Amino acid sequence: MIALLAFPLIVEPLLGARMIGLIWTAGFVILGGMLFWSGRLAKLNNVTREQSSIAPQIEPAPNNIRRLYWIILAAIPSSLMLAVTSKISADIGSFPLVWIIPLALYLVSFIIAFSGRHFLSAERQAVIIPACLIFLLFATRIEGISAVGWTNFLILIVTFFLLAIIAHKRLYDARPSEDHLTQFYIFMSLGGALGGFFNSIIATHMFNDIHEVPIVIAAASILIWNGKTKPTLTDMIRAIVFGGIAILVALLLPKFIGDTLAQPNLIAVTFVGFLLVFILKNSAWQSAISLALFVLVTYFAAQPNHVYQTRSVFGVHRIVDNDGVREYFNGTTLHGAERISEKGSRPTPLTYYHPNGPMGRIMLAAQTQETTSIGIVGLGVGSLACYRQPHQNWDLYEIDPVVDDIARNPNLFNFVDQCAADIPTHIGDARLVLAKQTPKNFDILLIDAFSSDAIPVHLITKEAIELYLSHMNDNGILVMHISNRYFALQKPLSKIASELGLIALGTRYAPATNAKNVDQASAVAIFARNQSAIERFVKDDTWRSMTSDYRHLWTDDYSNLLSTLR
């Protein structure tokens, strides 16, 4: 626990990657030596037990049902931890080190549960478990209500923590005698691994949204059962009947509520869920089965109607139509938009790429015969492609193939299709791809790969900037879109520019129009080897020299993202 918190907060800010690697290597060597020495001591000091006339009582080996129970109890909190982390990142917004809070609470729940102390009585657990599950369901259905974002965050964290403690306490109570503890810990570890495997691998490839959240909530309904009774046919029938009735009421009730209350679907599901649990409170199996059905059906029956939605290892990709504008989101971050009325024609770049914005003004200035080669890192919906001129050669770099598919699909967006369908997209990490290519001699290289807390630090180190410069001609400029809710990226960039002797300018743009997502605020930095390159593309006086007293030079060996928090 201490090591988990110390690594990002103390070790990374103080030590470089090379030193951390050396310390880890030395630590593993020392650990291996200590384990070997412990084994030798155990062998040398082996003492045979005194024979007893009374044969010891050996507990029968656990059967497969009991082993499966261990796996399930270990898998639920593991999967729930990852599901809650994904939900927070997707709906509330990714913020720095968001993963540490659920992971720390997950580890703390182990400490509490395996301490052997009584945490909650069976009577209190019978109330807390269903309540936590309903509140979790509430939190998964609250998407889009930005006013209660942090309330939603607290609901997710607190309910997850309580359920994790209870699950791990059940696991502790279900442990066998010391004769079979080895396999107990093996199956416990297997359950934790399977929970993570479901979220990280299976869910990512099977679902187009974070559907593992309601599935894990439904699976967690098993915690209502105390592990001592077996379900009967009557339990199953009553659970299905009551669950079916509750589902119908929850789906039909919003039509009667109408517009008298905000979010009628959310209120109906929450109210009926609590009512269902109250009615079946005296039957653990009936309550568990009916609640699992209720959670799954009400969740999947009320999915929003998006134009397009898919998922990759880089997140959930969602396209929605809003007031005549088609918008593309990755998580909560807007990555581009297009007017629906311009479908089939040459569309106008919107949001950060609008002609009024800094990137738009640079691209307009680049529409000259002297500017022949441009590189773009980070495709989005391809908005910048419509600044391309017939005589120019462009290269696009995108790490996520799904993003390239979205940008090139004319049924979704038209920028690439109408303006530059022949532009090649180099799929992969831009820095690795550029390192393999011969110098491109770019007039402009634009880096647009930063969003929320997903900062690819390796793209803004001294060595990375040197690589970019090697692909630019002497009068070219490096443009970096550094709009970010949490990090002041101009700090390390200004330090790198000073170290490399570059001219660095920055601007923060705020649009005059109030039209949603047509023209959006942005922060942009540009770097050049000489003043003539700046004058070639900067035609307004909104740019200011980037200076900073930031002390740390970011290199491939050292970076400190937390030091740039706003």
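Residues numbered from 1 in each chain as written. Predicted model: local features only at pLDDT ≥ 70, side-chain atom pairs only at ≥ 80, totals over all residues. Heavy atoms only, no water.

> An account of the packing of aromatic side chains is requested, with residue identities and associated values reported.
The full count for this structure, using the stated rule, is eight aromatic pairs. Ring geometry for F110 against F114: centres 5.7 Å apart, planes inclined by 45°, an arrangement best described as tilted. Accessibility expressed as a relative area gives 21% for F110, which makes it partly exposed. According to the relative accessible area criterion, F114 is partly exposed, its value standing at 23%. Grouping aromatic residues by their ring pairs yields a cluster made of W70, F184, Y185 and F187. The ring of Y172 carries R175 above its face, with NZ or CZ at 3.9 Å from the centroid. (Phe/Tyr/Trp six-rings, centres within 6.5 Å; stacked < 30°, edge-to-face > 60°. Buried < 20%, exposed > 50% of the residue type's maximum accessible area, 1.4 Å probe, protein only. Lys NZ or Arg CZ within 6 Å of the ring centre and 35° of its normal.)

> Residues and numbers for the pairing of strand β8 (residues 442–447), please.
Where burial is concerned, most of β8 is hidden: six out of the six residues are buried. The pairing of strand β5 (residues 373–377) with β8 spans four bridges and is parallel. Bridged to G375 within β8 is L445. Examined bridge by bridge, β8 and strand β9 (residues 472–481) share five bridges and lie parallel to one another. The partner of I444 across the bridge, within β9, is I477. (Helix = DSSP H or I, 4+ residues; strand = E, 2+ residues; numbered from the N terminus. Pairing = 2+ DSSP bridges.)

> Could you give me a rundown of the confidence of the model for the protein chain, with the residues and numbers involved?
Interpreting fine coordinate detail is not advised for predicted regions of low pLDDT. Taken as a whole, the protein chain shows an average pLDDT of 84; of its residues, 90% reach a score of 70 or greater. Note on residues 144–148: pLDDT is under 50 here. Beyond four places in sequence and across chains, it has three contacts. (pLDDT = per-residue confidence, 0-100. Contact = heavy atoms within 4.5 Å.)

> Now, about the environment of P130: what can you tell me, with residues and values included?
When you line up the elements, P130 lands in helix α5 (residues 122–141). Under the relative-accessibility criterion, P130 is labelled buried at 3%. Distance in space between the C-alpha atoms of P130 and L276 is 9.9 Å, their sequence separation being 146 residues. Residues in contact with P130, not counting those within four places in the same chain, are Q125, I224 and V277.

> Go over empty space enclosed by the protein, please, and point to the residues and values.
Across all of its chains, the model carries three cavities of 30 Å³ or more by this definition. Considered as a void within the structure, the largest cavity measures approximately 90 Å³ in volume. As for the largest cavity, its lining consists of 15 residues, of which I376, L379, G382, S383 and L384 are closest to the centre. The residue inventory of the lining of the largest cavity, partitioned by class, reads nine nonpolar, five polar and one charged. (1 Å grid on protein atoms, 1.4 Å probe; cavity = no way out; pocket = protein on both sides within 12 Å on 5 of 7 lines; lining within 4 Å. Points joined across faces, edges and corners; volume = space filled by probe spheres on them. Nonpolar A, V, L, I, M, F, W, Y, C, P; charged D, E, K, R; others polar.)

> Quick one: what's the story with the state of the cysteines, residue by residue and with numbers?
If you walk through the whole model with that rule in mind, you get one disulfide. Note on cysteine connectivity: C386 is disulfide-linked to C419, with sulfurs 1.9 Å apart. Taking the torsion about the sulfur-sulfur bond, which here is approximately 75°, the covalent link between C386 and C419 counts as right-handed. Here C386 is found in the loop between β5 and β6 (393–398), whereas its partner C419 is found in helix α14 (residues 415–419), with 33 residues between them in sequence. Given the relative accessible area of 11%, C419 is considered buried. (Disulfide = S-S within 2.5 Å.)

> I'd like to hear about the environment of Y558, residue by residue, with values.
Here Y558 shows up in the segment after β12 (544–545). Here Y558 falls in the buried class, since its relative accessible area comes to 14%. Along the backbone, Y558 and V307 are 251 residues apart, and their C-alpha atoms lie at a distance of 43 Å. Contacts of Y558, omitting those with residues within four sequence positions, involve E12, P13, L15, G16, H552 and L553.

> Which residues make up the pattern of salt bridges, and what values do they have?
Close approach of charged atoms lets side chains of opposite charge pair. With the rule as written, the count across this model stands at twelve salt bridges. Measuring nitrogen to oxygen at the nearest pair gives 2.8 Å for the salt bridge that ties R311 to E212. Taken together, the positions of R311 in strand β1 (residues 308–312) and E212 in helix α8 (residues 212–220) put the pair 99 residues apart, joining distant regions of the chain. Taking the shortest distance from any N to any O, the salt bridge between D540 and R361 comes out at 2.8 Å. One end of the pair, D540, is in the loop between α18 (531–537) and β12; the other, R361, is in helix α12 (residues 358–365), and 179 residues separate them in sequence. On the accessibility criterion, R361 (22% relative accessible area) is partly exposed. (Salt bridge = Lys/Arg side-chain N within 4 Å of Asp/Glu carboxyl O.)

> Now, about the sheet that holds strand β4 (residues 333–339): what can you tell me, with residues and values included?
If you walk across this open sheet you meet the four strands as β1-β2-β3-β4, and the pairing is antiparallel. The open sheet has two edge strands, β1 and β4, and neither has a second partner. Adjacent strand axes in the sheet meet at a mean angle of 15°, parallel and antiparallel pairs treated alike. Judged from the five bridges that link them, β1 and strand β2 (residues 315–322) form a sheet pairing that is antiparallel. Pairing of R311 across the sheet is with V316, part of β2. (Axes fitted to C-alpha atoms, helices over the stretch in contact; angles between N-to-C directions.)

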